[in-house]
Amino acid sequence: MRYFLDVEFNGFGGELIALALVPEAEDMPPFYEAVRCEQPTPWVADHVLPVLDIAPVDRATMARRFETYLGDDPDPLLIADWPEDIAHAAMLMVIAPGRRMALDRIRFEMLDSIGFDSAAMSAVPHNAYHDALALRTFTLARER
């Protein structure tokens, strides 16, 4: 199954704040979680945190929920339009020194997303869930 991925993070190279996966199949539930951001950059404090629309959890809880969400899919493909989104999703799979989640297989794909602007196309810009929805809408329309 393809999942459209979007991540919010605390400034360039900053820590993970929120991660969303929107499945290609519209009848399947999405994944959307956030972690606490103790020292947000001013831009993140103004544009990301006010629109999270979800209570933050600790990183370990987010990781367990991510693993559970993808656990029954034998071949999940996470599609993103930005390299840091893939990096944050991959790092969420690292659960301890030398240990990773027990997902049998996971693939990542970087889209050539010319023409996609999440800030303009998302119903709630800088909200990972709504940005992932916009990415799915854009990608599926382009594929038709």
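For every chain, the first residue of the written sequence is number 1, and numbering continues from 1 along that sequence. Local features in a predicted model are, by the rule used here, given only for residues with pLDDT of at least 70; side-chain atom pairs are given and counted only at 80 or more, and totals for whole chains, interfaces and linings are based on all residues. To obtain the side-chain values, all non-hydrogen atoms of the structure were used and water was disregarded.

**Re the overall build of the protein**
In plain terms, the rule: Segments assigned H or I by DSSP are reported as helices when at least four residues long, segments assigned E as strands when at least two residues long, and all are numbered from the N terminus. Here the radius of gyration uses the C-alpha set of atoms, whereas the globule reference equals 2.2 Å times the residue count to the power 0.38. Between buried and exposed lies partly exposed: a residue is buried under 20% and exposed over 50% of the maximum accessible area for its type, with that area taken using a 1.4 Å probe on protein chains only. By the convention used here, residues are in contact when the closest approach between their heavy atoms is within 4.5 Å. Charged-residue counts in this description rest on Lys and Arg as positive and Asp and Glu as negative, His and the chain ends being excluded. Charge placement uses NZ in Lys and CZ in Arg. For Asp and Glu, CG and CD serve respectively.
Across its full length, the protein holds 5 helices and 7 strands. In the protein, the order of α-helices and β-strands from amino to carboxyl end is β-β-β-α-α-β-α-β-β-β-α-α. Since a compact globule built from 144 residues should have a radius of gyration of about 15 Å, the 14 Å found for the protein is in line with a globular shape. Structurally, the protein occupies a C-alpha span of about 45 × 40 × 25 Å along its principal axes. Put simply, the protein has 144 residues, and 44% of those count as buried. When contacts within the protein are restricted to residue pairs at least 6 apart in sequence, those whose partners lie at least 24 apart make up 62%. With 12 positive and 24 negative side-chain charges, the protein shows a separation of 6 Å between the mean positions of the two kinds.

**Examining the layout of surface pockets**
Heads up, the condition is: For cavity detection a 1 Å grid was placed over the protein atoms alone, and a set of points counts as a cavity when a 1.4 Å probe fits there but cannot get out; an open set counts as a pocket when protein lies on both sides within 12 Å along at least five of seven lines, with lining residues being those that have an atom within 4 Å of a point. Grid points are joined across faces, edges and corners, and a volume is the space filled by probe spheres set on the points.
In this structure, the largest pocket spans a volume of roughly 310 Å³. As for the largest pocket, its lining consists of 17 residues, of which Val-7, Glu-8, Phe-9, Ser-118 and His-126 are closest to the centre. Those elements giving two or more residues to the lining of the largest pocket turn out to be β1 (2-9), α1 (42-47), α3 (83-92) and α4 (118-121). The dominant element in the lining of the largest pocket, judged by the number of residues it contributes, is β1, at 4 residues.

**Structural notes on the nonpolar core**
Inclusion rule: Only buried residues count toward a nonpolar core, which is a set of Ala, Val, Leu, Ile, Met, Phe, Trp, Tyr and Cys residues joined through side-chain atoms within 4.5 Å.
Of all hydrophobic cores here, the largest spans 23 residues; its most connected members are Leu-19, Leu-21 and Phe-66. For this core, the elements supplying multiple residues, two or more each, are β1, β2 (16-23), α2 (59-70), β4 (77-80) and α3. If sequence neighbours within four positions are ignored, Phe-66 has contacts with Leu-19, Leu-21, Phe-31, Leu-78, Ala-89, Leu-92, Met-93 and Met-101. Within the second largest apolar cluster, 12 residues are counted, among which are Ala-18, Ala-20, Cys-37 and Leu-52.

**Here's the deal with the sheet that holds strand β7 (residues 107-110)**
Let me state the cut-off plainly: One requirement defines pairing of two strands: DSSP has to find at least two bridges between them. Axis definition: a line fitted to C-alpha atoms, over the contacting stretch in the case of helices. Angles run 0 to 180 degrees between N-to-C directions.
The 5 strands are arranged β3-β2-β1-β4-β7 in an open sheet whose pairing can be described as mixed. With partners counted over all chains shown, the strands left at the sheet margins are β3 (31-34) and β7, one partner each. Across the sheet, the axes of successive neighbouring strands diverge by a mean angle of 25°, strand direction being ignored. Here β2 runs beside β3; their pairing, made up of 4 bridges, is antiparallel. Paired with Leu-21 across the two strands is Phe-31, which belongs to β3. Its contacts with the sheet place α3 against β1, β2, β4 and β7, and it is angled at close to 95° to β1. Sitting on the sheet, helix α5 (residues 128-143) is in contact with β1, β2, β3 and β4, with an inclination near 140° to β1.

**Some details on the packing of aromatic side chains**
Applicable threshold: Between 30 and 60 degrees the pair is tilted, below 30 it is stacked and above 60 it is edge-to-face, where a pair is any two Phe, Tyr or Trp rings, Trp via its six-membered ring, whose centres lie within 6.5 Å.
Applying the stated criterion across every chain yields a total of 5 aromatic pairs. Centre to centre, the rings of Tyr-3 and Tyr-69 are 5.8 Å apart; their planes meet at 65°, and the pair counts as edge-to-face. Residue Tyr-3 is found in strand β1, and its partner Tyr-69 is found in helix α2; the two are separated by 66 residues along the sequence. On the basis of relative accessible area, Tyr-3 is assigned to the buried category, the value being 2%. Arranged with centres 5.3 Å apart and planes meeting at 50°, the rings of Phe-116 and Phe-138 form a pair that is tilted. One end of the pair, Phe-116, is in the loop between β7 and α4; the other, Phe-138, is in helix α5, and 22 residues separate them in sequence. One exposure class covers both Phe-116 and Phe-138, and it is buried.

Geometry only, nothing functional implied.
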